Amino acid sequence: MTRTKHIGILTAGGDSPGLNAAIRSVGKAALGCGMTVTGFKDGFRGLAQDLRFPLDKTALAGILTVGGTILGTGRDKPHRMEIEGKTRDMTDVIAANYAKNNLDALVCMGGGGTHKNALRLVEKGLNVITLPKTIDNDIALTDASIGFDTALGIVTEVVDRLHSTAHSHHRIIVAEIMGHRAGWLALGAGIAGGADVILIPEIPYDVEKVAAAIRRRSEYGTNFSIVAVAEGAMSVSDAALFAAARSRKKGAKHAPEQAEAERDLAALNARQADNTWRLSKQLEELTRLETRVTILGYVQRGGTPSAGDRLLATRLGTRCVELIENECFGVMVADCGGMAVAVPIKDVAGNLKLIAPDHAWVQSARRVATCLGD
Ligand code: F6P
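Residues numbered from 1 in each chain as written. Predicted model: local features only at pLDDT ≥ 70, side-chain atom pairs only at ≥ 80, totals over all residues. Heavy atoms only, no water.

**Observations regarding the environment of D89**
Part 1: Take D89: it is sitting in the loop between β5 (86-88) and α4 (91-100).
Part 2: For the pair D89 and A48, spaced 41 residues apart in sequence, the C-alpha to C-alpha distance is 9.9 Å.
Part 3: Among residues more than four places away in sequence, those in contact with D89 are P78 and H79.
Part 4: Within polar-contact distance, the side chain of D89 engages the side chain of T91 at 2.5 Å. (Helix = DSSP H or I, 4+ residues; strand = E, 2+ residues; numbered from the N terminus. Contact = heavy atoms within 4.5 Å. Polar contact = N/O pair within 3.5 Å; in protein donor to acceptor, adjacent residues only side chain to side chain.)

**Quick word on the pattern of salt bridges**
Part 1: Taken as a whole and judged by the stated rule, the model has 17 salt bridges.
Part 2: Notably, a salt bridge pairs E290 with R171, separated by 3.1 Å at the nearest N-O pair. On the criterion of sequence distance, the pair formed by E290 in the loop between α11 (275-287) and β11 (291-295) and R171 in the loop between α6 (148-169) and β8 (172-177) is long-range, its members being 119 residues apart.
Part 3: On the accessibility criterion, E290 (36% relative accessible area) is partly exposed. (Salt bridge = Lys/Arg side-chain N within 4 Å of Asp/Glu carboxyl O. Buried < 20%, exposed > 50% of the residue type's maximum accessible area, 1.4 Å probe, protein only.)

**Describing the packing of helix α8 (residues 207-219) against α11**
Part 1: Put simply, α8 and α11 touch, their axes get as near as 9 Å, and they point 50° apart. When the axes of α8 and α11 are compared, the pair comes out oblique. The element α8 and its partner α11 pack so that their crossing is right-handed. Contacts from V207, E208, V210, A211, I214 and R215 of α8 reach α11 at L279, Q282, L283, L286 and T287. (Axes fitted to C-alpha atoms, helices over the stretch in contact; angles between N-to-C directions. Parallel < 35°, antiparallel > 145°, perpendicular 65-115°, else oblique. Left-handed = near helix turned anticlockwise from the far one by under 90°.)

**Comments concerning α6**
Part 1: For α6, which comprises 22 residues, the first-to-last C-alpha distance of 31 Å matches the rise-based estimate of 32 Å (1.5 Å per residue) to within 8%.
Part 2: Here α6 has its buried residues at F148, T150, A151, L152, I154, V155, T156, V159, L162 and A166.
Part 3: Looking at the buried residues of α6, the elements they touch are β8, α7 (184-193), β10 (225-230), β11, α12 (307-325) and α14 (360-367).
Part 4: Two residues or fewer past α6, H170 is found with a positive phi of approximately 55°. (Expected span 1.5 Å × (residues − 1).)

**Here's the deal with the sheet that holds β11**
Part 1: Strands sit in the order β9-β10-β8-β11 across an open sheet of four strands; the sheet is parallel. The sheet is open, and its two edges are formed by β9 (197-199) and β11, each paired on a single side. If you compare each strand with its neighbour and ignore which way they point, the axes differ by 15° on average.
Part 2: With five bridges connecting them, β8 and β11 associate as parallel partners. By the bridge assignment for β11, I172 is matched with T291.
Part 3: The strands that α7 touches are β8, β9 and β10; relative to β9, the one it contacts most, it runs at about 170°. (Pairing = 2+ DSSP bridges.)

**Here's the deal with the domain arrangement of the protein**
Part 1: As far as domains go, the protein holds domain 1 (6-146 + 305-348) and domain 2 (150-301).
Part 2: Spacing between the C-alpha centres of domain 1 and domain 2 amounts to 32 Å.
Part 3: Contact with domain 1, which involves 12 residues of that partner, is made by 10 residues of domain 2.
Part 4: Summing the contributions of domain 1 and of domain 2, the shared interface buries around 890 Å²; its carbon and sulfur component is 54%.
Part 5: For the interface between domain 1 and domain 2, the tally reads one salt bridge.
Part 6: Note that D15 and R301 form a salt bridge whose closest N and O atoms lie 2.9 Å from each other.
Part 7: Counting across the interface, domain 1 meets domain 2 through four residue pairs in polar contact (both at pLDDT 80 or more). (Domains from an automatic or database assignment. Buried area = accessible area lost by both parts, 1.4 Å probe.)

Written out as structure tokens, the structure reads:
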């Protein structure tokens with residue numbers, strides 16, 4: 001007779017709506033086929049410090065519609081974790097706790113960082129399987145990630161609402177949208193909400209061209225504009241500086257060269273944090289229209305998941321348990337053309353899904369005369 005399988009679940013990285021739906025689907029499907037399920041708290045830290053609780057029927061009840069994650073989350077890396085004021089490599093401790101708890105599989109739900117961390121545990125011999133979640137939608141090899149659909153709805157509603165106030169005051173409103181180094185959320189919500197300008201990291205912008213597009217609207221009698229700017233969007237000149245610093249870091253042969261490139265990158269990242277404010281000031285000067293900034297922030301990933309995210313989480317979560325039953329590990333459960341398929345974690349980790357310049361969304365935005373800043 002085979003022993004009951006015991007699976008662990010953790011959620012890591014920024015939270016996103018639909019995580020609880022995913023925990024519920026993995027948990028219920030696993031309990032349904034006789035497995036036992038344990039939740040680890042606060043991402044990889046939970047496994048490093050053995051912070052766990054049973055995910056039984058009671059714990060899984062009533063969470064489908066709840067935002068956030070009942071497990072808690074964190075951005076800790078197994079190989080560089082702050083423990084009592086010291087940075088420690090906890091990879092071996094995690095492997096020992098995995099063995100101590102008699103785990104047969106570990107389900108990690110997360111985004112880009114989580115996949116790199118999950119790969120480290122795969123390389124340690126753990127049976128890891130991942131689910132893609134992030135509002136940024138930038139995980140490689142999956143069409144969708146859990147949380148994006150809800151965030152898209154929230155941001156679209158905000159862009160809708162900004163229209164009436166921008167219109168009433170004849171203002172430009174620059175709305176900063178999350179997305180890390182990808183522009184999916186800004187582009188998707190910008191199109192759906194009818195933003196006049198959409199700026200994304202994949203298409204560096206020329207502020208003069210953005211201002212010219214806004215001035216043209218004024219010439220036609222429309223004295224307001226909504227600018228949807230991704231947090232990672234940057235001007236052509238800043239993009240060139242970033243590219244140069246990254247390539248110097250990559251090509252550095254000696255430690256001092258590498259340290260210098262890293263310092264330059266840190267300075268550029270610090271500058272990028274104010275990009276939306278800088279852009280707003282530049283647009284006000286160039287167009288002479290009063291300009292305001294709205295930073296959407298964490299509202300984008302809070303609250304109830306959409307129907308689309310609940311469905312995606314349930315499809316991917318139940319497939320995850322089928323894969324565990326079949327002992328298929330080292331894979332992410334991806335959404336591919338409506339199917340839930342297994343793709344190797346090693347092909348996901350370290351790779352971002354960015355918007356191609358000729359992507360259908362980019363083409364559609366251009367065809368409805370949206371300025372993309374180029
Ligand atoms: O990765 C998801 C995300 O929400 C990004 O869009 C954003 O840049 C980041 O997390 C914010 O991270 P934190 O929660 O660490 O402030």
